[in-house]
Amino acid sequence: MIKLVIFDADKTLWDHYNISEFQDPLTLAGRDVVVDSKGRTLSLFPNVRKTLEELRRRGVRLAMATWNFPHKTDKVLKALELYDYFDLIVSRDYPYKFVMISEIIREFRKRNLNLKPEEILFVDDRRAHFGNVWIYVGKVNCLEMWKDISDHLEIISKV
Ligand SMILES: [Mg+2]
């Protein structure tokens, strides 16, 4: 049974490949579109909001593991009003998802929730991360966005 879903951000939740480039001030152009001061634009993918809502409704914990400067991730999530959906946001200036996932597991343990790797679902648009997750973390369930699934709503049927 899946107790925690961990999401990548860039190209998984939204269409921009690197939100660390975004410069203040951020403005909204519609509920799901963020524009930075240089005109860079990010659009949330369809059904992301609905999927996060439904997972929470079912009592699944949500976390993020993203290679971005933490203050940039926080700003974008707050602009989209998605920040509060996540129990934990791990945003680091390095690409090692297995390190971030280990950190997430440790943090939940501190909160008295012991998660087995099999109880975790990790969603990322880059399959390249999965090998190290399996080697260093264990049998985490991994989904490659746009390959294993093409709509975020499909995640709901996996939990
Ligand atoms: Mg990505």
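Quick notes on the rules
Residues numbered from 1 in each chain as written. Predicted model: local features only at pLDDT ≥ 70, side-chain atom pairs only at ≥ 80, totals over all residues. Heavy atoms only, no water. Pairing = 2+ DSSP bridges. Helix = DSSP H or I, 4+ residues; strand = E, 2+ residues; numbered from the N terminus. Buried < 20%, exposed > 50% of the residue type's maximum accessible area, 1.4 Å probe, protein only. Donors = N, O, S within 2.8 Å, 3.2 Å for Na, K, Ca; no water.

Draft legend 1. Inspection of the sheet that holds strand β4 (residues 41-43) at higher detail. With respect to topology, three strands assemble into an open sheet ordered β2-β3-β4, the strand pairing being antiparallel. Across the chains shown, the open sheet's two edge strands, defined by having one partner strand only, are β2 (27-28) and β4. As paired elements, β2 and strand β3 (residues 33-35) share two bridges and run antiparallel to each other. In the strand pairing of β3, L28 is matched with V34.

Draft legend 2. Quick peek at unusual backbone geometry. Cis geometry marks the peptide bond from D24 to P25; its omega dihedral reads -5°. Relative to the helices and strands, P25 is located in the loop between β1 (4-7) and β2. Notably, K11 is not glycine yet its phi reads approximately 70°, a positive angle. Summarising the element assignment, K11 is placed in the loop between β1 and β2. Its relative accessible area of 36% is what places K11 among the partly exposed residues. Phi angles above zero are rare outside glycine, and N47 is one such case at about 70°. Within the secondary structure layout, N47 lies in the loop between β4 and α1 (48-57). Overall, N47 belongs to the partly exposed group, its relative accessible area being 24%.

Draft legend 3. Representation of the coordination of the magnesium ion within the structure. Around the magnesium ion, the protein contributes the donor atoms D8 (OD), D10 (O) and D125 (OD), which lie 2.1 to 2.2 Å from the metal centre. Considered as a linear motif, the donors of the magnesium ion on their single chain read D-x1-D-x114-D. In this pair, D10 is assigned in the loop between β1 and β2 and D125 in the loop between β7 (120-124) and α4 (130-136), connecting sequence segments 115 residues apart.

All we've got here are geometric facts, nothing functional implied.
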